[in-house]
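If you want the building blocks of each chain, they are given just below.
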Amino acid sequence: LTSSLLIIIVVAKRIVTMSTPVPATNPASCCGFTPLGFPAQGMPSLSQHSDGRKIAADDYEAILNEGMKHLSFDEHQKEQEILHGVAGDVVLSENTINALLLSLKEQLDRLKKGSAYEIAEKRSQAYAGNRDLEMAFLRANEFDPKVSAEKLIKFF
């Protein structure tokens, strides 16, 4: 819940500080729901205080700091890890790692045709197919081979 609130505050801060105006009719809020899943009617305002005053961009930082101030050290550390994408130590067996790498290779073979990755692989299999590089992409994408392959292709 705290990490969700943190994300909402960060997104709201970006919306308030955007230089372009937000269109009055938002196509993403069709069917009566907003992108965050709130009902379009009665959605909590991210740009106003409960008394109707506008929230300045700097206020979001103060709200976030106030919320984080009440967390224990361990809770604060966990939220920081989630925010920076390094949450949790994952210990995988060698068999699981090999299965993930094999699945990643299958996804890469499916996606690489005509890409810079394919050219890099032809020039240097040791670089393009480097296990450490592939593991870094898997870790960064929560061990999802499909997403990791897509991002590895874009990386090249």
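Residues numbered from 1 in each chain as written. Predicted model: local features only at pLDDT ≥ 70, side-chain atom pairs only at ≥ 80, totals over all residues. Heavy atoms only, no water.

Draft legend 1. Layout of the packing of helix 7 (residues 131-140) against helix 8 (residues 145-155). Where helix 7 contacts helix 8, the two axes come as close as 8 Å, and the packing angle between them is 120°. Looking at the two axes, helix 7 sits oblique to helix 8. As for how helix 7 packs across helix 8, the hand of that crossing is right-handed. On the side of helix 7, the interface is formed by Leu133, Glu134, Phe137 and Leu138, while helix 8 contributes Pro145, Ser148, Lys151, Leu152 and Phe155. For the contact of helix 7 with helix 8, a count of residues per class yields 6 nonpolar, 1 polar and 2 charged. (Axes fitted to C-alpha atoms, helices over the stretch in contact; angles between N-to-C directions. Helix = DSSP H or I, 4+ residues; strand = E, 2+ residues; numbered from the N terminus. Parallel < 35°, antiparallel > 145°, perpendicular 65-115°, else oblique. Left-handed = near helix turned anticlockwise from the far one by under 90°. Contact = heavy atoms within 4.5 Å. Nonpolar A, V, L, I, M, F, W, Y, C, P; charged D, E, K, R; others polar.)

Draft legend 2. Spotlight on helix 5 (residues 116-123). Of all the residues in helix 5, the buried ones are Tyr117, Ala120 and Glu121. Looking straight down helix 5, one finds its buried side chains confined to an arc of 100°; they lie on one side. Opposite its buried face, helix 5 presents the exposed residues Lys122 and Arg123, each directed more than 90 degrees away. Next to the buried residues of helix 5 lie helix 4 (94-111), helix 6 (125-128), helix 7 and helix 8. (Buried < 20%, exposed > 50% of the residue type's maximum accessible area, 1.4 Å probe, protein only. Arc of directions from axis to C-beta.)

Draft legend 3. Highlighting helix 8. When we look at burial in helix 8, the residues that qualify are Pro145, Ser148, Ala149, Leu152 and Ile153. Summarising the axial view, the buried residues of helix 8 lie within an arc of 135°, below the 170-degree limit, and thus occupy one face. Check the buried side of helix 8 and you find it contacts helix 4, helix 5 and helix 7. Put simply, Asp144 is the residue that caps the front of helix 8, since its side-chain oxygen is 3.0 Å from the backbone nitrogen of Lys146. (Polar contact = N/O pair within 3.5 Å; in protein donor to acceptor, adjacent residues only side chain to side chain.)

Draft legend 4. Looking closely at the nonpolar core. With 16 residues, the main nonpolar core has Leu108, Tyr117, Met135, Leu138 and Leu152 as its most contacted residues. Element by element, the count of residues in this core is highest for helix 4, at 5 residues. Apart from residues lying up to four places away in sequence, Tyr117 is in contact with Leu108, Lys112, Ala128, Glu134, Leu152, Ile153 and Phe156. (Core = buried A, V, L, I, M, F, W, Y, C linked by side-chain atoms within 4.5 Å.)

Draft legend 5. Structural view of unusual backbone geometry. Unlike most non-glycine residues, Glu142 shows phi in positive territory, near 55°. Examined against the element boundaries, Glu142 turns out to sit in the loop between helix 7 and helix 8. For Glu142, a relative accessible area of 72% corresponds to the exposed category.

Draft legend 6. View of the environment of Phe156. By the secondary structure assignment, Phe156 is in the segment after helix 8. Assessed through its relative accessible area of 23%, Phe156 is described here as partly exposed. Expressed as a C-alpha distance, the spacing of Phe156 and Ala120, which sit 36 residues apart in the sequence, is 7.7 Å. Excluding anything up to four places from it in sequence, Phe156 contacts Ala116, Tyr117, Ala120, Tyr127, Ala128 and Leu133.

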